[in-house]
Amino acid sequence: MSRQELLANIPLFESLTPEDLDSLSRRLEQVDYPEGDVIFRQGDEGSALFLIEDGAVEISYGEGRGKVILATLFTGQYFGELSLFDGAPRSATATSAKQSRLIRLDRADLVDFVNKNPPAALRIIAEMSERLRQTNELMSQQVSRNVLQEEEEHLTFGQRIADRVASFGGSWPFIILFSAIMLMWIAINVARAADFDPYPFILLNLVLSTLAAIQAPIIMMSQNRQSSKDKLLAENDYQVNLKAEMEIAALMRGQAEVMARLAMIERTMARRSAEAQSRPQQLANADQ
């Protein structure tokens, strides 16, 4: 694969003309890395884009036991493209997985190329704008959201009181407090320290009945709201799953398109190879 083709595989440069690609490819520098050599570390200053001409590169995050392999890149792939524009520190570590030959494009060379080729700069900016627009559209179509928080923001004062009463009425502090009050009530009347509700505690029964009559509908109100929350969660899950299914289908269509293009390229190469092999035979027959 030529260096122009390597550059054309990078999304930022795929809209450049062949002349622009040829001019930019002259600024590329070849660098060889033995197996296990670190190309750059996480946190290093970013100043170059790397293209893999031959070999493999491992992209990882963290060190030691916390090291996570993010990706393994092979011939024709690239990494470190964001540093061409912002020069920010590297967000991951790149290590040569085997003997590799890389092509490096320095940020200074790209800046000089852009300064000398304003039309090419406009094409690069247009490509970046298109991809940013696609990202914005994807973010605007986000369906996952915190439906519980949205529900909380629309609660009335009575609904908030119902939730708190239901939460306290179903807790151990309420059981312990209510049990202590009942025991004190019964003990005071049995000991006749204050004979306001003698056995069989008719007033206590009235208080318990009234409390149950008031507490039951309040708890039911809170339970009805919980059912509404469950429905909102189920609907949100359905929307998220539907979007994921559509995105997977789009990925499958893209994969099928890529496979079809690869098959077409293979057939074209096979046809050209057959033509190249048959050409000497045709020349020999013509000489005879």
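In the block above lies the structure referred to throughout.
The structure contained in this document is the topic of the report that follows. Not measured: the values here are computed from a predicted model.

## Comments concerning the overall build of the protein
Then, number 1: Along the backbone of the protein there are nine helices and eight strands.
Then, number 2: Within the protein, the proportion of its 288 residues that are buried is 25%.
Then, number 3: Considering only intrachain contacts with a sequence separation of at least 6, the fraction spanning at least 24 residues in the protein is 71%.
Then, number 4: Split by element, the accessible area of the protein, about 19,600 Å² in all, is 58% carbon and sulfur.

## Quick word on the layout of surface pockets
Then, number 1: Counted as a void, the second largest pocket has a volume near 300 Å³.
Then, number 2: Surrounding the second largest pocket, 17 residues form its lining, G80, E81, L82, R90 and S91 being those nearest its centre.
Then, number 3: Sorting the residues of the lining of the second largest pocket by element identifies β6 (78-79), α3 (83-86) and β7 (93-96) as the ones contributing at least two each.
Then, number 4: Here the residues of the lining of the second largest pocket sort into 10 nonpolar, four polar and three charged.

## Points about helix α8 (residues 172-190)
Then, number 1: With 19 residues, α8 should cover 27 Å at 1.5 Å per step; its first-to-last C-alpha distance of 27 Å lies within 8% of that length.
Then, number 2: Along α8, the positions that sit buried rather than exposed are F174, W185 and N189. Viewed along the axis of α8, the buried residues span an arc of 20°, placing them on a single side of the element. With respect to the buried face of α8, the exposed residues turned more than 90 degrees away are W172, P173, I176, L183, M184 and V190.
Then, number 3: At the exit of α8 stands R192, carrying a positive phi of roughly 55°.

## Concerning the sheet that holds strand β3 (residues 48-54)
Then, number 1: Reading across the sheet, the four strands line up as β1-β8-β3-β6 and stay open at both edges, with antiparallel pairing between neighbours. What marks the edges here is a single partner per strand, and that holds for β1 (29-33) and β6.
Then, number 2: Relative to strand β8 (residues 100-106), β1 runs antiparallel, the two being bridged by five bridges. Of the residues in β8, the one forming a bridge with D32 is R101.

Calculation rules
Residues numbered from 1 in each chain as written. Predicted model: local features only at pLDDT ≥ 70, side-chain atom pairs only at ≥ 80, totals over all residues. Heavy atoms only, no water. Helix = DSSP H or I, 4+ residues; strand = E, 2+ residues; numbered from the N terminus. Buried < 20%, exposed > 50% of the residue type's maximum accessible area, 1.4 Å probe, protein only. Contact = heavy atoms within 4.5 Å. Areas by Shrake-Rupley, 256 points an atom, 1.4 Å probe, with all protein chains shown as cover. 1 Å grid on protein atoms, 1.4 Å probe; cavity = no way out; pocket = protein on both sides within 12 Å on 5 of 7 lines; lining within 4 Å. Points joined across faces, edges and corners; volume = space filled by probe spheres on them. Nonpolar A, V, L, I, M, F, W, Y, C, P; charged D, E, K, R; others polar. Expected span 1.5 Å × (residues − 1). Arc of directions from axis to C-beta. Pairing = 2+ DSSP bridges.

Nothing here speaks to function; it is all geometry.
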